[in-house]
Amino acid sequence: QVQLVESGGGLVQAGGSLRLSCAASGRTFSSYSMGWFRQAPGKEREFVGAISRAGGTTYYADSVKGRFTISRDNAKNTVYLQMNSLKPEDTAVYYCAARMGAATTVRYDFGSWGQGTQVTVSS
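What you see is a predicted model; the values in this text were computed from it and never measured.

Calculation rules
- Residues numbered from 1 in each chain as written.
- Predicted model: local features only at pLDDT ≥ 70, side-chain atom pairs only at ≥ 80, totals over all residues.
- Heavy atoms only, no water.
- Disulfide = S-S within 2.5 Å.
- Helix = DSSP H or I, 4+ residues; strand = E, 2+ residues; numbered from the N terminus.
- Buried < 20%, exposed > 50% of the residue type's maximum accessible area, 1.4 Å probe, protein only.
- Salt bridge = Lys/Arg side-chain N within 4 Å of Asp/Glu carboxyl O.
- Pairing = 2+ DSSP bridges.
- Axes fitted to C-alpha atoms, helices over the stretch in contact; angles between N-to-C directions.
- Phe/Tyr/Trp six-rings, centres within 6.5 Å; stacked < 30°, edge-to-face > 60°.

Undergrad: How would you sum up the state of the cysteines? Please name residues and give values.
TA: What we call a disulfide is simply a covalent bond connecting the sulfur atoms of a pair of cysteines. Enumeration over the complete set of coordinates arrives at one disulfide. For Cys-22, the disulfide goes to Cys-96, at an S-S distance of 2.1 Å. On the S-S bond that ties Cys-22 to Cys-96, the torsion sits near -75 degrees, and the link is left-handed. Taken together, the residues Cys-22 in strand β3 (residues 18–25) and Cys-96 in strand β9 (residues 92–100) connect sequence positions 74 residues apart. Owing to a relative accessible area of 0%, Cys-96 belongs among the buried residues under this scheme.

Undergrad: Which residues make up the pattern of salt bridges, and what values do they have?
TA: Applying the stated criterion to the full structure yields five salt bridges. With a shortest N-O distance of 2.6 Å, Arg-38 and Glu-46 are connected by a salt bridge. Within this structure, Arg-38, Glu-46, Arg-67 and Asp-90 form a network of salt bridges that share partners.

Undergrad: Before we move on, could you go through the sheet that holds strand β8 (residues 78–83) and cite the residues and values that matter?
TA: Taken together, the four strands give an open sheet; going across it, the order is β1-β3-β8-β7, and neighbouring strands pair in antiparallel fashion. The sheet is open, and its two edges are formed by β1 (3–7) and β7 (68–73), each paired on a single side. Pairs of neighbouring strands in the sheet enclose a mean axial angle of 15 degrees, with direction left out of account. Pairing of β3 with β8 involves six bridges; the strand directions are antiparallel.

Undergrad: Account for unusual backbone geometry, with residues named and values stated.
TA: Of note in the backbone geometry, Asn-77 takes a positive phi value of approximately 55 degrees without being a glycine. Taking relative accessible area as the criterion, Asn-77 reaches 26% and is therefore assigned partly exposed. In this structure, Ser-85 takes a positive phi of about 50 degrees despite not being glycine.

Undergrad: Before we move on, could you go through the packing of aromatic side chains and cite the residues and values that matter?
TA: Going through the model one piece at a time under the given rule, you end up with four aromatic pairs. Geometrically, the ring pair formed by Phe-37 and Phe-110 is edge-to-face, given 5.3 Å between the ring centres and 75 degrees between the ring planes. Within this pair, whereas Phe-37 is found in strand β4 (residues 32–39), its partner Phe-110 is found in the loop between β9 and β10 (112–113), the two being separated by 73 residues in sequence. Across the pair, exposure class does not vary: Phe-37 and Phe-110 are buried alike.

Undergrad: Could you give an account of the pairing of strand β5 (residues 46–51), naming the residues involved and the relevant values?
TA: Here β5 lies mainly inside the structure; five of its six residues are buried. Pairing of β4 with β5 involves five bridges; the strand directions are antiparallel. Among the inter-strand pairings, Phe-37 is bridged to a residue of β5, identified as Phe-47. Here β4 hands over to β5 after six residues, with Gly-42 in that stretch at a positive phi of 75 degrees. Sheet analysis places β5 next to strand β6 (residues 58–60), joined by three bridges and oriented antiparallel. Note on β6: the bridge partner recorded for Ile-51 is Thr-58. Turn length for the β5-β6 hairpin, with the two strands adjacent in sequence and antiparallel, is six residues, and the turn residue Gly-55 shows positive phi of about 90 degrees.

Below, the structure is given as structure tokens:
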């Protein structure tokens, strides 16, 4: 099983940018497709973006399309989430997740999760 540790969260003003990182350890990182999810207080955890094992295919939630970019560096065992034009409604705890096999947008398809990193966007 892969272990995941997120970093890069923080407080930013609306319109600003942040880059989240998720470092993986354990088994071969390139065997895992990766996803980012987020959970705001009182809400369900929701899909943000996902990337295939080789990085050639990406998926995004409609709410972040055009503003967020997911990427990965298999040599560094790391996946990234570049977040631009941030809005107060992007405030949430952001989680990195991994699954063996093809990338999906479904939360329950991912078997390994990080501890989360807080992103707060002020208006």
